[in-house]
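Now for the letters of each chain:
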Amino acid sequence: MIPSEKLRKIISKMRKVNLEDFKWDESLKKSVFKLKYLNVNKGISLREVFKNGYNIGNCTITAYCVSKLFDRSSICTGKVEILKGTKNSENGEHVWVETYDFIIDTTLMIKVPLDSIIAKYYHKEDTITPLFSPFDYNYSIDEHLRKVYPENYYAELFDVKK
């Protein structure tokens, strides 16, 4: 079980909500995991990011990457009540992808219909356009981290604290 799945189960139990009904179907999961962070020739697959839990606490970058799967989507920022008090979201701060019909949460790996009860926990404050592109990454830093800190490479790249 990957970290997002564990977190989803913990939040479900803690908040007495059933997030399992909204987990990503295999088709969405497969599409997300095929994406690469950086570029198609020399990047980190999002499969590795999610497998290692580096998407948790890095919702802006993962939302940006996943938003590329949808023709029309927004990257939303705001508060999510069910995340309040968690390590990376003390006050419920969060970033997610929104389409015309769904909220796509890259931390909990859920796809929530906008008209569902779970969607009411998401309070959009703004839509954002990141000022960066993860697909335009400086490979000299990338190569340095990979060679010098192979065991901490992903942690360093995603600023994950162990």
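Residues numbered from 1 in each chain as written. Predicted model: local features only at pLDDT ≥ 70, side-chain atom pairs only at ≥ 80, totals over all residues. Heavy atoms only, no water.

**Side note on the pattern of salt bridges**
Within this structure, the stated rule accounts for five salt bridges. Here Lys-9 makes a salt bridge to Glu-20, at a shortest N to O gap of 3.7 Å. Of this pair, Lys-9 sits in helix α1 (residues 3-15) while Glu-20 is found in the loop between α1 and α2 (26-34), placing the two residues eleven residues apart along the sequence. With relative accessibility at 40%, the residue Lys-9 sits in the partly exposed group. Looking at Glu-20, the relative accessible area reads 22%, which means it is partly exposed. In this structure, a network of salt bridges that share partners links the residues Arg-8, Lys-9 and Glu-20. (Salt bridge = Lys/Arg side-chain N within 4 Å of Asp/Glu carboxyl O. Helix = DSSP H or I, 4+ residues; strand = E, 2+ residues; numbered from the N terminus. Buried < 20%, exposed > 50% of the residue type's maximum accessible area, 1.4 Å probe, protein only.)

**A word on a negative patch on the surface**
Taken together, Glu-90, Glu-93, Glu-125 and Asp-126 make up a surface patch of like negative charges. Considering the arrangement of structural elements, one finds Asp-126 in strand β7 (residues 122-128). (Patch = residues over 30% accessible without salt bridge, like charges linked within 9 Å, V, L, I, M, F, W, Y side chains within 5 Å. Areas by Shrake-Rupley, 256 points an atom, 1.4 Å probe, with all protein chains shown as cover. Lys, Arg positive; Asp, Glu negative; His and termini not counted. Charge placed at Lys NZ, Arg CZ, Asp CG, Glu CD.)

**Examining the packing of aromatic side chains**
With the rule as written, the count across this model stands at three aromatic pairs. A ring pair is formed by Trp-24 and Phe-50, whose centres lie 5.6 Å apart and whose planes are at 55°; its orientation type is tilted. One end of the pair, Trp-24, is in the loop between α1 and α2; the other, Phe-50, is in helix α3 (residues 46-51), with 26 residues separating them in the sequence. Each member of the pair Trp-24 and Phe-50 is classed as buried. Between Trp-96 and Tyr-122, the aromatic rings sit 5.1 Å apart at their centres with planes inclined by 80°, giving edge-to-face as the arrangement. One end of the pair, Trp-96, is in strand β4 (residues 93-98); the other, Tyr-122, is in strand β7, with 26 residues separating them in the sequence. With respect to class, Trp-96 is no different from Tyr-122; both count as buried. Here the aromatic residues Trp-24, Phe-33 and Phe-50 are joined through ring pairs into a cluster of three or more. Positioned above the aromatic ring of Phe-102, the side-chain terminus of Lys-111 is 4.4 Å from the ring centre. (Phe/Tyr/Trp six-rings, centres within 6.5 Å; stacked < 30°, edge-to-face > 60°. Lys NZ or Arg CZ within 6 Å of the ring centre and 35° of its normal.)

Treat this as a map of the structure, not an account of what it does.
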